[in-house]
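Examination of the molecular architecture
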Amino acid sequence: MIDLRSDTFTKPLPNMQKAMWAAEVGDDVFGEDPTINKLEAKAAEMFGMEAAVFCPSGTMTNQIAIKTHTVPGQEVICHEYSHVYNYEGGGIAFNSSCQVRPLAGPRGKLEPDTVAAALQNPLDHHAATSRLVVLENTTNKGGGACYDLEAIDGIRAITQEKGLGLHLDGARLWNALIATGQTPEDYGQRFDSISVCLSKGLGCPVGSLLLGSKDFIHQARFIRKKLGGAMRQAGYLAAAGIFALDHHIERLAEDHEKAQMLAKALEESPWIAKVEPVETNIIIFNVKEDRSIEEFNNALRSKGVLHIDMGQGKQRFVSHHDVSFEQIQTVVETLKNLA
Ligand SMILES: *Cc1c(COP(=O)(O)O)cnc(C)c1O
């Protein structure tokens, strides 16, 4: 199989597995897992933030962050394509009893003017209080697009002036750092809280981190416990995270190279109406309306190529470590031969 459905399909490599089994572990609910403590401290230091907490998934780190920032009845501002709004099971309503104000913007990104225009008047008791802005970087449904720091600064100025929190869903922030040359500190300085995934392009089997101030992470641990996300000897998983932070970030450049190869082949195919600009490892494209999507999918399937339909005609390829350059070449040839 050539699995282009998601970078979540990456499996731990032998040397990561070795690091996992060698981990020193303890009961993390008692704060006694040295490997988890080490991973949390390492991540906090990378971002120049005070503290971090290890969680089973990026959905949980986002949901904990939103719960920690808000009280019921407030409003969370995010992009209409965002993961927190579309792909977390209605978690904002379920966990935080907040309402969502989804906004439009290019390629999954919010813009300062749109955010400013969406803020409720804090003195108007008819309105839900605007409390939190969530940005996503890279954008998922937006096609792996990256924010530039100026746009973030524009939004940051608004949240600071109005006293709102600013959370980053950085599930694939690593890809943005590699594509743009930005640093973790650039983000640590700008956000009140940041969620990052270890289980996507970085290749860990499980795990995400939530970063923030000491007080924020202290509160977040109460929520993690309530959600059942406090684990015991999970240092085996944290060891994979430490290994990934040390060895797998630079490697993402290869995934971006693979994505460019796929994008080029798609652009040259008479079957494809549109390929969105590729900045990282996500390729979103549309099959021409007068062509059959079934036929296109069957041609790919016959070569063992799997991908995802994102709705509204959007098809998605995601490149990652477990699809080799050779396999990418097979996909390129398959697209070429698709008459
Ligand atoms: C994958 C992803 C998450 C978290 O997903 P989990 O599967 O819960 O780890 C969050 N945000 C974005 C943008 C993602 O792509």
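Each remark here, short or long, concerns the structure printed above.
Scope of this entry: the structure provided in the associated data block. Quantities reported herein were computed from a predicted structural model and do not represent experimental measurements.

Analysis parameters
Residues numbered from 1 in each chain as written. Predicted model: local features only at pLDDT ≥ 70, side-chain atom pairs only at ≥ 80, totals over all residues. Heavy atoms only, no water. Helix = DSSP H or I, 4+ residues; strand = E, 2+ residues; numbered from the N terminus. Buried < 20%, exposed > 50% of the residue type's maximum accessible area, 1.4 Å probe, protein only. Contact = heavy atoms within 4.5 Å. Areas by Shrake-Rupley, 256 points an atom, 1.4 Å probe, with all protein chains shown as cover. Core = buried A, V, L, I, M, F, W, Y, C linked by side-chain atoms within 4.5 Å. Near = heavy atom within 4 Å. Polar contact = N/O pair within 3.5 Å; in protein donor to acceptor, adjacent residues only side chain to side chain. Nonpolar A, V, L, I, M, F, W, Y, C, P; charged D, E, K, R; others polar. Pairing = 2+ DSSP bridges. Axes fitted to C-alpha atoms, helices over the stretch in contact; angles between N-to-C directions. Expected span 1.5 Å × (residues − 1). Parallel < 35°, antiparallel > 145°, perpendicular 65-115°, else oblique.

Turning our attention to the overall build of the chain. Scanning the chain from terminus to terminus reveals 14 helices and 13 strands. Structurally, the chain occupies a C-alpha span of about 60 × 55 × 35 Å along its principal axes. When each of the 339 residues of the chain is scored for burial, the buried share is 56%. Considering only contacts in the chain between residues 6 or more positions apart, those separated by 24 or more positions represent 75%. A total of about 14500 Å² of accessible surface is found on the chain, and carbon and sulfur atoms cover 51% of it.

Before going further, it helps to spend a moment on the nonpolar core. Buried together is how nonpolar side chains tend to be arranged in soluble globular proteins. Residues Phe54, Leu110, Val133, Leu135, Trp174, Tyr187 and Ile194 are the most contacted members of the largest nonpolar core, which totals 51 residues. Among the elements that make up this core, the one with the highest residue count is helix H11 (residues 235-247) (six residues). Listed in part, the 25 residues of the second largest apolar core include Leu4, Ala259, Ala263 and Phe285.

A few words now on the site of the ligand. Around the ligand lies a shell of 13 residues, among which Gly58, Thr59, Asp169, Arg172 and Lys200 are the nearest. One of the side-chain nitrogen or oxygen atoms of Thr59 is found 2.6 Å away from an oxygen atom of the ligand. Among the elements that take part in the shell around the ligand, helix H3 (residues 58-69) stands out by supplying three residues, more than any other. Looking at the shell around the ligand, its residues break down into two nonpolar, six polar and five charged.

All right, on to the sheet that holds strand E4 (residues 99-103) then. With mixed pairing, seven strands are arranged side by side in an open sheet as E2-E8-E7-E6-E5-E3-E4. Looking at strand neighbours, the two that pair on one side only are strand E2 (51-55) and E4, the edges of this open sheet. Taken pair by pair, the neighbouring strands of this sheet meet at an average axis angle of 20°, ignoring direction. Two elements, strand E3 (residues 75-79) and E4, share five bridges in a ladder whose sense is parallel. Bridging from a neighbouring strand, Cys78 pairs with Pro102 of E4. Across the face of the sheet, helix H2 (residues 34-47) comes into contact with E2, strand E7 (193-197) and strand E8 (208-212) while running at roughly 130° to E2.

On to H3. Two residues of an α-helix separated by three or four positions point the same way, owing to the 3.6 residues in each turn. Along its 12 residues, H3 runs 16 Å from first to last C-alpha, staying within 8% of the 16 Å computed at 1.5 Å per residue. Most of H3 is tucked away: nine of the 12 residues are buried. Residues of H3 that are buried: Gly58, Met60, Thr61, Asn62, Gln63, Ile64, Ala65, Ile66 and His69. Structurally, the start of H3 carries an N-cap: the backbone nitrogen of Thr59 is 3.4 Å from a side-chain oxygen of Ser57.

Along the polypeptide, Leu335 turns up in helix H14 (residues 325-337). Classification of Leu335 by relative accessible area gives buried; the value is 2%. Residues Leu335 and Leu300 lie 35 residues apart in sequence; the distance between their C-alpha atoms is 8.1 Å. Filtering out sequence-adjacent residues up to four positions away, Leu335 remains in contact with Ala265, Leu266, Ser269, Phe296 and Leu300.

On to the packing of helix H12 (residues 252-268) against H14, then. At their nearest, the axes of H12 and H14 sit 9 Å apart, and the two run at 10° to each other. By the angle between their directions, the pair H12 and H14 is classed as roughly parallel. The segment H12 lies against H14, with Glu254, Glu257, Lys258, Met261, Leu262, Ala265 and Leu266 engaging Phe325, Ile328, Gln329, Val331, Val332 and Leu335.

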